[in-house]
Amino acid sequence: MMVLAPLILLGFTAAARSADSESNIGLGQFSVRPLSLHTMLRPGQTPNSLYVIEPGEFHATLAVGYANVWNSSTNKFLVDGEWGNLDVRLAYAVNNRIEVGFILPFSTRQGGFLDKTIDAFHETFRFESQGRGNAPENETAISFFDSTQESSFLAEGSSSGINDIPLFLVWHASEGDVSRPAIRLKSFVTLPVGEEDELEGAGKSVIGTGLMAAKRIGTSNHHLYGEIEYSYSDKKRWDGFELNQHMFGVTVIWEYRWSRRTSIVTQYNVVSGIAKDYDEWTNESHHVNLGIKRQINETVMVEISLQENIFHYNTSADIGINAAVSTVF
């Protein structure tokens, strides 16, 4: 609630256009940055421009997130701590088809306070703890070992800093109609300014592209969105394992327009494995977000969602919370 209060207050003082209830685009997707090693070592996932633009407009989003992470495999890797992020996204409409922009992403890592609560939850419902009880509570450490077990990467203690900066261009190809979906095509490149040794950047640029389709289901209050994303980096290794240079991501979103100004949104995201052959990090990372979006006035929207990992629990955050406010001026 401490995070939401200033966002809701900002919603009554800033000015962004409400979504047309008849269009293929409702209130849109969440402004979510999944917290996992995949996105720490391979930044660049930028929320697509799922809205209508007018020439000369600036679209701005402030998004915050917080998650508890426990990934552990004996003599392979340990990622233990709580991560927070604050992302500022700014996009400018060159005309009614082309939009350019950037994201200023910041992250912080600390021991946090959620370990005891999560342990109790796992015990209550008899979920596997993945070895959480073997580590001190509310501490942070990151380590990766190579195949010989003679060398490793190690980072301990808290850290805060700027992450790699994505620069993006979006082509609003079509708004669609009753039979055809709205289409968005984006491309991006990252500036490698984040501290590599603190998992705040990749150390090299990442380039990528993504295609999103949006469609209202008939005349109902339901909207479906789908996005496919591809990215490439010439970084081949991290301390301990060989990286995939080509990565893919898929996002599927269902939105229910509860009212003209409020939507319930479920968002599922999967990203291909970060490593070529390194234990569970070869597996993809899966996240589900469930929450609401609310149009405060004609030009301001707020959102909040809970994030949970599924299928592969050793490749992403245990649980997270995200909130954002968006405006246009």
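Cut-offs and rules
- Residues numbered from 1 in each chain as written.
- Predicted model: local features only at pLDDT ≥ 70, side-chain atom pairs only at ≥ 80, totals over all residues.
- Heavy atoms only, no water.
- pLDDT = per-residue confidence, 0-100.
- Contact = heavy atoms within 4.5 Å.
- Helix = DSSP H or I, 4+ residues; strand = E, 2+ residues; numbered from the N terminus.
- Polar contact = N/O pair within 3.5 Å; in protein donor to acceptor, adjacent residues only side chain to side chain.
- Phe/Tyr/Trp six-rings, centres within 6.5 Å; stacked < 30°, edge-to-face > 60°.
- Buried < 20%, exposed > 50% of the residue type's maximum accessible area, 1.4 Å probe, protein only.
- Salt bridge = Lys/Arg side-chain N within 4 Å of Asp/Glu carboxyl O.

Moving on: the confidence of the model for the protein. Per-residue pLDDT for the protein has a mean of 83; in total, 82% of the residues score no lower than 70. For residues 1–18, every residue scores under 50 in pLDDT, and the model assigns this stretch 42 contacts once sequence neighbours within four places are set aside.

Tracing the backbone through its elements, the reader meets Lys235 in the loop between strand S10 (222–232) and strand S11 (237–238). A distance of 2.6 Å separates the side chain of Lys235 from the side chain of Glu196, its partner in a polar contact. Sequence-distant contacts of Lys235, that is, excluding residues within four places in its chain, are made with Glu196, Ala202, Lys204, Leu243 and Gln245.

This part is about the environment of Arg260. Structurally, Arg260 is set in the loop between strand S13 (246–257) and strand S14 (262–271). It is 9.2 Å that separates the C-alpha atoms of Arg260 and Arg294, two residues lying 34 residues apart in sequence.

Another point: the packing of aromatic side chains. Pairs of aromatic rings are described using the distance from one ring centre to the other and the angle between the two planes. Under the definition given, this model contains six aromatic pairs. Judged by centre distance (6.4 Å) and plane angle (15°), the ring pair of Trp254 and Tyr256 falls under stacked. Taking relative accessible area as the criterion, Trp254 reaches 32% and is therefore assigned partly exposed. Pairwise contacts between aromatic rings join Phe58, Tyr92 and Phe329 into one cluster.

What follows covers unusual backbone geometry. One non-glycine residue, Asp279, lies in the positive phi region at around 55°. Here Phe311, not a glycine, exhibits a phi torsion of approximately 70°, which is positive. Note on Phe311: relative accessible area 56%, which makes it exposed.

We now examine the pattern of salt bridges. A full pass over the atoms with the stated rule returns 13 salt bridges. The salt bridge involving Arg180 is made with Asp177; its shortest N-O contact spans 3.0 Å. The partly exposed category is assigned to Arg180, whose relative accessible area is 47%. By relative accessible area, Asp177 is classed as partly exposed at 32%.

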